[in-house]
Amino acid sequence: MATSRRALAYLESRKNLTGCACGLVGLVLTFTGLAGAYWPVVVVGLYGAGALVAPPERPAAPDFPDPAEQLDALREDFATLRTYLESVELPPAAAGRLTELTELLTALLDPGWVAQILAQDPESVHRLARAIRQDIPESVDTFVRTRWWTRLTPGQLPPERHLERQLTLLHDEADTLAAALRETEARRQESHTRYLEERGRSN
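Definitions and limits used
- As a convention, each chain's residues are numbered from 1 in the sequence order in which they are written.
- Where local features are concerned, this predicted model is filtered to residues with pLDDT of at least 70; where side-chain atom pairs are given and counted, the filter is 80 or more; whole-chain, interface and lining totals use all residues.
- The side-chain values count all of the structure's non-hydrogen atoms but skip hydrogen atoms and water molecules.
- For helices the rule is a DSSP run of H or I covering at least 4 residues; for strands it is a run of E covering at least 2, with both sets numbered from the N terminus onward.
- Partly exposed describes any residue whose relative accessible area lies between the buried limit of under 20% and the exposed limit of over 50%, with all areas from a 1.4 Å probe on protein chains only and scaled to the type maximum.
- The contact criterion used throughout is that any non-hydrogen atoms of two residues lie within 4.5 Å.
- The length a helix should cover is 1.5 Å for every residue beyond the first.
- By arc we mean the arc of the directions from the helix axis to the C-beta atoms, nothing more.
- In the analysis that follows, any N or O atom pair within 3.5 Å is treated as a polar contact, provided that within protein one partner can donate a hydrogen and the other can accept it, and provided that, for residues neighboring in sequence, both atoms belong to side chains.
- One side-chain nitrogen of Lys or Arg within 4 Å of one carboxyl oxygen of Asp or Glu is enough to make a salt bridge.
- The convention is simple: Lys and Arg are positive, Asp and Glu are negative, and His and the chain ends are not counted.

Novice: If you had to explain the overall build of the protein chain to someone new, which residues and values would you point to?
Specialist: Check the secondary structure of the protein chain and you find eight helices and zero strands. When the helices and strands of the protein chain are placed in sequence order, the string is α-α-α-α-α-α-α-α. The proportion of buried residues among the 203 residues of the protein chain is 27%. Taking the intrachain contacts of the protein chain between residues at least 6 apart in sequence as the baseline, contacts between residues at least 24 apart amount to 75%.

Structure, rendered in structure tokens:
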């Protein structure tokens, strides 16, 4: 099976097609009488020469999803995360921080102008994906598991304190991302203003 695939790939390759084209030239020379008695050598030689000079096959570049497509998948994962979070019971303070964080992430993932800016910034999409797919579920799941052990060994720092701190840090990170997006949009607006001013002066 692998041999037949390689053979088929060669038949469709540039080397074989170029060699065949040169071999046809050899046949034309044969029919016109220019190749003489050595026409098989001429045909095979031209085929080999064509195959040698043909450009090598260029493998297709990997087709990775663009940031816009990644955002669509990220929205689905965020919906899955929110379903999970709704099933977890958290202390009031941590639940409040989590609500603030999820509201901010919802605004960032909203398919509006913010998403259009995000789609042009793969690094920001990566940071959002890391928070949704890794940081938040890990923080909440660790709290749930650690809280159970704390009941057996009282006197330690309450796990909800760690969770509150983690959610605060994640919120700050998301807020920094939102501020960077706002700054990007502001710079774009300023750039367009300068362009219009310069165009007005040149007219």
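Now that the structure is up, let's keep going.
Novice: Residues and numbers for helix H5 (residues 92-109), please.
Specialist: Its 18 residues give H5 an end-to-end C-alpha distance of 25 Å, which sits within 8% of 26 Å, the value for a rise of 1.5 Å per residue. Turning to H5, its buried residues are Ala94, Leu98, Leu101, Thr102, Leu104, Leu105, Leu108 and Leu109. Across the axial projection of H5, the buried residues extend over an arc of 160 degrees, all falling on one side. Residues of H5 that are exposed and point more than 90 degrees away from the buried face comprise Pro92 and Glu103.

Novice: I'd like a rundown of the side chain of serine 139, residues and numbers included.
Specialist: Locating serine 139 in the fold gives a position in helix H7 (residues 122-152). One polar contact links serine 139 to glutamine 166, side chain to side chain, over a distance of 2.9 Å. The residues touching serine 139, leaving out its near neighbours within four places in the chain, are Leu163, Gln166 and Leu170.

Novice: I'd like to hear about the environment of valine 88, residue by residue, with values.
Specialist: In this structure, valine 88 sits in the loop between helix H4 (67-86) and H5. In sequence terms valine 88 and valine 140 are 52 residues apart; their C-alpha atoms lie 8.2 Å from each other.

Novice: Let's hear about the environment of valine 25: which residues, and what values?
Specialist: With respect to the helices, strands and loops of the structure, valine 25 is situated in helix H2 (residues 14-31). Spatially, the C-alpha atoms of valine 25 and tyrosine 47 are 9.0 Å apart, while their sequence positions differ by 22 residues.

Novice: Break down the pattern of salt bridges for me, citing the residues and quoting the values.
Specialist: The tally for this structure, following the rule as stated, stands at six salt bridges. The shortest N-O distance in the salt bridge between aspartate 72 and arginine 75 comes to 2.8 Å. Note that aspartate 72 and arginine 75 are positioned in helix H4 at a spacing of three residues, about one turn of the helix. Relative accessible area serves as the criterion here: at 44%, aspartate 72 is assigned to the partly exposed category. Arginine 75 gets classed as partly exposed once you look at its relative accessible area, which sits at 22%. For the salt bridge of arginine 145 with aspartate 141, the shortest nitrogen-to-oxygen distance reads 2.9 Å. With arginine 145 and aspartate 141 both in helix H7 and four residues apart, this pair spans about one turn of that helix.

Novice: Give a description of the side chain of aspartate 135 that names residues and reports values.
Specialist: Its place among the elements puts aspartate 135 in helix H7. No salt bridge forms around the buried aspartate 135; measuring N to O, its nearest opposite-charge neighbour arginine 130 is 4.1 Å away. Contact partners of aspartate 135, with chain neighbours within four places excluded, come to Arg130 and Leu170.

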